[in-house]
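Coordinate analysis (summary)
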Amino acid sequence: MYWYRSLLFSLALGPVVILGSNRHEFSPEQVNQGIALRQLADEATENITQNRTGTCRPEHAQIRKEWRELTQQERQEFTNAVQCLQSIPTTLSADLRQIYPGVHTRYDEFQATHINLTKVIHLTADFLAWHRYFIHTFEQDLQSKCQYTGSLPYWDWGLDAEEPQLSVLFNGDPYSMGSNGRLIPNRGPAYWPAIHEYFPEGTGGGCVYEGPFSNHTVNMGPVDGAGQIPVSYPFEYHPHCLQRDINPAVTRSAVTFRHITELILSYDTIDWFQGVMQRDPRFSVPSVPYGVHRGGHVGVGMVMGDAAASPGDPMFYLHHAQIDRVWTIWQGLDPEKRRHAIWGTHTILDTPPTANMTLDEMIGFGFVAEPVLFRDLMDTLDGPFCYYYQ
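Every chain begins its residue count from 1, and numbering advances along the sequence as written. Local features are withheld for residues below a pLDDT of 70 in this predicted model, meaning they are given only at 70 or higher, and side-chain atom pairs are given and counted only at 80 or more; totals for whole chains, interfaces and linings count all residues. Where side-chain values are given, they derive from all heavy atoms of the structure, hydrogens and water being excluded.

Looking at an unreviewed UniProt entry, one finds the protein named Tyrosinase copper-binding domain-containing protein and attributed to Aspergillus bertholletiae.

Spelled out as structure tokens, the structure:
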């Protein structure tokens, strides 16, 4: 059942009381400063790590950390491993290379897979589970092919929502994820034809010019991005620089600690939780103009703002690790009811209409991995997974 309290975040009115499967009471300051989110994350982690009897024991699990929790050496080891994956030649056959001429590296195989499956992995029943395994496979590749010994970091948007262009993630030093794009002034709002919306002008717009990935060539796209001219064929070889347009107007409206906490605590059922997260028009909430999923993508902008080709920017993987973390927190607040909760069909916005998905279906992963049973993707400490979030 969907329930939403319009006064939930009228923070000036006094303490916030939220009732769901559990009772939580937080002050406005606790919500806005991320204290509430941290308490919820700790509660969820405790719930999901208790009484484990499977092969993945919490004491042996990998721990995914927020970027700022990594040492400078650990940050550099991660970006080095990503650059390694970007240099490994594709193993696609010659016949497939004719169909996918933009695929030159193993890294490109991830981008091409996401482009190819975009309409069956967004606003569908398997959006969350599909991306959970997609980024897990990326993490596994970094470890097996590039000798990376860490785990996939995540980007806690709330820490940067007010001034994302000033984040340590984007300051362009050797321990960052590279810089913003060079400023291209006076561009005006960007139109995104796929969803018939305009987005405000950001603080960059050009090529990443400092730090890791300043020399990275994106081989495909743009396919479906705001303010960009799309290629004529989604898999066309179209080498171009990695562009970003970090946008505080979007992040302030979409990914603050308040937005994240509200998403987790306002919705008891998976349909509304994933719907509001993705700004699904079937689950419209006037106070949510973007949703945290779209807000993170468009908040970085350009390549990241391209719905299909966004894995061309390595920030995609940190952003989706945070999406997975938010889902994990939501699941962990009521594991018995939420661990295996799914809702929806096989196609984006059920267009064209398709059957409801079930946990007994196999989910495909294109070039990056063999199909996996949906049911096996629902628990980060079971199936192919053995990790949790710090």
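1. Focus: a nonpolar patch on the surface
Taken together, the side chains of Leu96, Ile99 and Tyr233 make up a nonpolar region of the molecular surface, amounting to roughly 230 Å² of accessible area. Put simply, DSSP marks the helices as runs of H or I at least four residues long and the strands as runs of E at least two long, and each gets a number from the N terminus on. Mapped onto the elements, Leu96 comes out in helix H4 (residues 94–99). The exposure class assigned to Leu96 is partly exposed, which follows from its relative accessible area of 31%. Put simply, a patch holds well-exposed residues, over 30% relative accessible area, that have no salt bridge, with like charges counted together within 9 Å and Val, Leu, Ile, Met, Phe, Trp or Tyr side chains within 5 Å. Exposure was quantified through the Shrake-Rupley algorithm and a 1.4 Å probe, taking into account, for residues, occlusion by the shown protein chains and nothing else. The rule for a salt bridge is simple: a side-chain nitrogen of Lys or Arg has to be within 4 Å of a carboxyl oxygen of Asp or Glu. Buried, partly exposed and exposed residues are distinguished by accessible area as a fraction of the type maximum, computed with a 1.4 Å probe on protein chains only: under 20%, between the cut-offs, and over 50%, respectively.

2. Considerations on the UniProt feature "domain: Tyrosinase copper-binding" (unreviewed entry) in the protein
The UniProt record marks residues 313–324 with the feature "domain: Tyrosinase copper-binding" (unreviewed entry), using the residue numbering of this structure. Helix makes up 83% of residues 313–324 and strand 0%. Its end C-alpha atoms lie 18 Å apart. UniProt positions are given in the numbering used here, feature names are shortened, and annotations may be inferred rather than shown by experiment.

3. So, the packing of helix H6 (residues 127–146) against helix H11 (residues 315–332)
Axis definition: a line fitted to C-alpha atoms, limited for helices to the stretch in contact. Angles are taken between N-to-C directions and run from 0 to 180 degrees. As a packed pair, H6 and H11 sit with axes 10 Å apart at the nearest point and diverge in direction by 130°. Comparing their axes, H11 and H6 come out oblique. The chirality of how H6 crosses H11 is left-handed. Facing Phe127, Leu128, Ala129, His131, Arg132, Phe134, Ile135 and Phe138 of H6, the residues of H11 in contact are Phe316, Tyr317, His320, Ala321, Ile323, Asp324, Trp327, Thr328 and Gln331. Its residues assigned to classes, the contact of H6 with H11 comprises 11 nonpolar, four polar and two charged. What sets the label is the angle itself: under 35 degrees gives roughly parallel, over 145 gives roughly antiparallel, 65 to 115 gives roughly perpendicular, and the rest give oblique. Crossings are classed by handedness, with left-handed meaning an anticlockwise turn of the near helix from the far one by less than a right angle and right-handed meaning a clockwise turn. Residue contacts follow a heavy-atom distance rule, with two residues in contact if any of their heavy atoms lie within 4.5 Å. Only Asp, Glu, Lys and Arg are considered charged in this grouping, and only Ala, Val, Leu, Ile, Met, Phe, Trp, Tyr, Cys and Pro are considered nonpolar; every other residue, Gly among them, is considered polar.

4. Overview of the state of the cysteines
We call a pair of cysteine sulfur atoms a disulfide whenever their separation is within 2.5 Å. What the rule picks out here adds up to three disulfides. There is a disulfide in this structure between Cys56 and Cys386, and the S-S distance comes to 2.1 Å. Here the disulfide of Cys56 and Cys386 is right-handed, its torsion about the S-S bond being about 85°. Of this pair, Cys56 sits in the loop between helix H2 (35–49) and strand S3 (62–64) while Cys386 sits in the loop between strand S11 (369–373) and strand S12 (387–389), and the two are 330 residues apart along the sequence. On the accessibility criterion, Cys56 (5% relative accessible area) is buried. Between the sulfur atoms of Cys207 and its disulfide mate Cys241 the distance is 2.0 Å. Taking the torsion about the S-S bond as the criterion, the Cys207 to Cys241 disulfide, at about -70°, is left-handed. Here Cys207 is found in strand S7 (residues 205–208), whereas its partner Cys241 is found in strand S9 (residues 240–241), with 34 residues between them in sequence. Exposure remark for Cys207: the relative accessible area of 32% places this residue in the partly exposed category. With a relative accessible area of 25%, Cys241 lands in the partly exposed category.

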